[in-house]
Amino acid sequence: MLRNVAAGIDGTPESLAAAHWAAQEALRRGVALSLVHAWRSHPRPAPYVPLGSTEHQWAEQLLKEAVDSVRAAHPVLGISARTVCEAPVPALLTAAEEAELLVLGSLGLGGLAGFVTGSVSQRVVGRCTRPVVLVRAGQSTADEHLPAVDGVAPEEIPEIPFRAVVLGLDLSQPCDELLEFAFDAARRRAADLRVVHVFKAPSGPVPGPGGPAAEEEALVAALRPWRGKHPDVSVTETVVEGRAGAELVRAATGAGLVVVGRRTGTGRAGPGPHIGPVTHAVLHHVHCPVAVVPHP
């Protein structure tokens, strides 16, 4: 089956930002873009539907405006679009199954609020079997690149180097899917890859060698085969002791993309869809796009 990059549209500024980010990613991957808008039928039209218009007509209009905006910015990109009369979460999960990744908008509330807990985006992230990228409103193509010097024209922005890709890696559960996504993202952007491993020192004495040196050695060993597969990617490793969520948020400063994992098996939260505390913290506090990669 021919793959694409999918994005969910709901008429909000953050979903439009997600659509434009998805368009850029589709161009990088050489695939088409699929835009999806889910709407629900009600006995009476919702208050946001203009007078004289049905909910279906309003849904089609929202989707058309998004398509027109993306097509104006990326005229050579193949774009498909469809409205689905279904609840947003199952509709987006279905769209993701036909895509290489799904891109969604995230409410950029900032501070402790982050994006709204219980939102469609969070529920999709917790269930999706494909990578999901969360993009905040206001994100633009220029934000993926390092700051431009004065006098640079907009058409010259793609030539400016990309900001680094930051990968949060837990060595206690190696994940090929997570490493492959991060290395591939850095390769496609010709960006540096910064791998961050955060460990917590044991409270009591531990027999044998340990500490930061041992963690650094383990990280180097875990990355060695991936460096061989992607020799053109510049990689730096950071090992730090502390709280993983807080350290990853700190490491994300100035990044163009942050990559974290989500375990699909049974964890401390029990069986079923859930987002781990580290990924949850990153989604709440990191301002650049965040890719959540599911893995066993």
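Above this text you will find the structure in question.
Just so it is clear, the model here is predicted, and its values are computed rather than measured. (Residues numbered from 1 in each chain as written. Predicted model: local features only at pLDDT ≥ 70, side-chain atom pairs only at ≥ 80, totals over all residues. Heavy atoms only, no water.)

Asker: Give a description of the overall build of the protein that names residues and reports values.
Answerer: Helices and strands together make up the secondary structure of the protein, namely 8 helices and 10 strands. Here the protein holds 296 residues, and the buried ones make up 46% of them. Here the analysis covers contacts within the protein between residues at least 6 apart in sequence; of these, 76% occur between residues at least 24 apart. For the protein, the computed accessible surface area is about 14800 Å², with 56% contributed by carbon and sulfur atoms. (Helix = DSSP H or I, 4+ residues; strand = E, 2+ residues; numbered from the N terminus. Buried < 20%, exposed > 50% of the residue type's maximum accessible area, 1.4 Å probe, protein only. Contact = heavy atoms within 4.5 Å. Areas by Shrake-Rupley, 256 points an atom, 1.4 Å probe, with all protein chains shown as cover.)

Asker: Summarise the nonpolar core; cite the residues concerned and give the values.
Answerer: Among the nonpolar cores identified, the biggest contains 50 residues, and Leu33, Leu35, Val103, Leu167, Leu169, Leu193 and Val259 are the most heavily contacted of them. If near-sequence neighbours (up to four positions away) are discounted, Leu193 is found in contact with Val165, Leu167, Ala182, Phe183, Ala186, Val233, Ser234, Val235 and Thr236. (Core = buried A, V, L, I, M, F, W, Y, C linked by side-chain atoms within 4.5 Å.)

Asker: Mind laying out the packing of helix α1 (residues 13-29) against helix α2 (residues 55-73), listing which residues take part and the relevant values?
Answerer: Two numbers describe how α1 lies on α2: the axes approach to 10 Å, and their chain directions differ by 40°. Here α1 is positioned oblique relative to α2, judged by the angle of their axes. In the crossing of α1 with α2, the sense of the turn from one axis to the other is right-handed. On the side of α1, the interface is formed by Leu16, Ala19, His20 and Ala23, while α2 contributes Ala66, Ser69, Val70 and Ala73. Among the residues making up the contact of α1 with α2, the classes are represented as 6 nonpolar, 2 polar and no charged. (Axes fitted to C-alpha atoms, helices over the stretch in contact; angles between N-to-C directions. Parallel < 35°, antiparallel > 145°, perpendicular 65-115°, else oblique. Left-handed = near helix turned anticlockwise from the far one by under 90°. Nonpolar A, V, L, I, M, F, W, Y, C, P; charged D, E, K, R; others polar.)

Asker: Tell me about the pattern of salt bridges, and name the residues and values.
Answerer: Under the criterion given, the structure shown has 12 salt bridges. A salt bridge links Arg29 to Glu100; its shortest N-O distance comes to 2.7 Å. Taken together, the residues Arg29 in helix α1 and Glu100 in the loop between α3 (88-97) and β4 (101-106) connect sequence positions 71 residues apart. Of the residues examined, Arg29 reaches a relative accessible area of 18% and is grouped as buried. (Salt bridge = Lys/Arg side-chain N within 4 Å of Asp/Glu carboxyl O.)

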